[in-house]
Amino acid sequence: MKTIRNPWLKLREGLCQEDFDLINRLQEQCIREDRTTLKLELDYKLRAYSEKECVGTRPINEFMYFDGHELIGYMGICEFGGADAPLEVNGMVNPDYRRQGVFGTLYKLVVAEGRHRSPESMLLLSDRKSEAGQAFVQGTGAKYRHSEYEMYYRGNRPEISNDLEGITFRKATNADAREIHRQNAIYFGDKLGEEGTSEQEEGMILPEEEEKRGMIIYLAEADRQIIGKVHIQLSSDIGGIYGLGVLPEYRGKGYGRATLLKAIDKLKEANAGDIMLQVAVENANALRLYQSCGFVETSTMDYYELFNQ
């Protein structure tokens, strides 16, 4: 174990390339030595920040702990799902510098930041296999909320049946924001504000803004009717599939499988080295679908809810 000799903190609204490189290097070290998974969303956050030059106008999301020139600890805040969704928090400490209060210091800063924001709670994330992460979360008093499997594509892509070949993808634009918001409320329980109100507008995802950050949203259509959607992202040679869903009136017809397979094709066309997705552990139907299309579980991420007081 190394002793901290010259500690200092760096707080930022978003990630610049220099910070990204330092954090990513620390992430690779922690994953390699701990053999666990982290959910830091660094590529997404880097793109989001590079599109804005409004330094000082956004809340603090990046919390870095240095010993001299070396980054030894990091904790980040992610915001997904609109203004009412809980903040997601994940972090790490260099294995050589643990048990010296680094993570505790970062955590206190993150909690203080969270109390200034609109969500009533935040989610603390920890790989189920991380003994240190699980122990720390237990000590905060956070309550278990749910878990997600991270799954990677490992099999041969099955064929789409002939009667489903007519399904097409249309890249969503900002004009589709209300439809995407409506579908997210159906699939994931997002809060659906009253139409035409500022509450609804605040919760909407703007597809054209998401594309600038590397996330492309496609609306799946059959016979020119919207049947569902999927979000895909390519970061550091890894393709991600997110937000996939089929509208209730179109379920049971194989549209979910066809949408998933077409999303895989899109990522292969973009030269994705690996393809991954995340699914709630209790979503048995989706889990069976993904397994049948060649995905296997590689890790389990536990989510714990910490209520702001």
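Each remark here, short or long, concerns the structure printed above.
What you are looking at is a predicted structure, and each value in this text was computed from that prediction instead of being measured.

A.B. asks: For this particular structure, what's the right way to read the nonpolar core?
C.D. replies: Generally speaking, soluble globular proteins have nonpolar side chains that are buried together. By size, the foremost hydrophobic cluster in this structure holds 36 residues, and its most contacted members are I241, L260, Y290 and F295. Elements with a contribution of two residues or more to this core: strand 6 (143-153), strand 8 (215-222), strand 9 (225-235), strand 10 (238-246), helix 8 (255-269), strand 11 (274-280) and helix 9 (284-292). The leading source of residues in this core is helix 8, at seven residues. Ignoring anything within four residues of it in the chain, the contact list for I241 reads V230, H231, L260, A263, I264, L267, I275, M276, L277, Q278 and F295. Residues V93, V110, V137 and Y304 belong to the second largest nonpolar core, which totals 21 residues.

A.B. asks: Is there a simple way to think about the sheet that holds strand 10 in this case?
C.D. replies: Neighbouring strands of a sheet are bound in pairs by backbone hydrogen bonds; such pairs are parallel or else antiparallel. In space, the twelve strands of this open sheet follow the order 1-2-3-4-5-12-6-11-10-9-8-7, with mixed pairing throughout. On the outer flanks of this sheet lie strand 1 (7-12) and strand 7 (168-171), each paired with one strand and no other. Strand after strand, the sheet turns through a mean of 25° between neighbouring axes, direction not considered. When strand 9 meets strand 10, the two strands line up antiparallel, connected through seven bridges. Directly across from K229, in strand 10, lies its bridge partner G245.

A.B. asks: Just to check I follow, could you spell out the packing of aromatic side chains for this structure?
C.D. replies: For any pair of aromatic rings, geometry is given as the distance between the ring centres together with the angle between the planes. Enumeration over the complete set of coordinates arrives at nine aromatic pairs. Where F169 meets Y218, the ring centres are 5.3 Å apart and the plane angle is 25°; that geometry is what we call stacked. Residue F169 is located in strand 7, and its partner Y218 is located in strand 8; the two are separated by 49 residues in the primary sequence. Judged by its relative accessible area of 18%, F169 is buried. Relative to F295, the ring of Y290 has its centre 6.3 Å away and its plane inclined at 65°; by these criteria the two rings are edge-to-face. One exposure class covers both Y290 and F295, and it is buried. Taken together, F103, Y107 and F136 form an aromatic cluster joined through their ring pairs.

Thresholds applied
Throughout this description, residue numbers start from 1 for each chain and increase along the sequence as written. Only residues with pLDDT of at least 70 are given local features in this predicted model, and only at 80 or more are side-chain atom pairs given and counted; all residues enter the totals for whole chains, interfaces and linings. Processing note: side-chain calculations cover all non-hydrogen atoms of the structure and skip hydrogens and water entirely. For the purposes of this section, nonpolar cores are sets of buried Ala, Val, Leu, Ile, Met, Phe, Trp, Tyr and Cys residues that join through side-chain atoms within 4.5 Å. Residue exposure (1.4 Å probe, protein chains only): buried if accessible area is under 20% of the type maximum, exposed if over 50%, otherwise partly exposed. The numbering of helices and of strands both runs from the N terminus, where a helix is a DSSP run of H or I of at least 4 residues and a strand a run of E of at least 2. Whether two residues are in contact is decided by their heavy atoms, any of which lying within 4.5 Å being enough. Pairing between strands requires that DSSP locate at least two bridges from one strand to the other. Fitted lines through C-alpha atoms give the axes, limited to the stretch in contact for helices. The angle between two N-to-C directions lies from 0 to 180 degrees. Any two of the Phe, Tyr and Trp rings considered here, Trp counted by its six-membered ring, make a pair once their centres fall within 6.5 Å; the pair's planes then place it as stacked at under 30 degrees, edge-to-face at over 60, or tilted in between.

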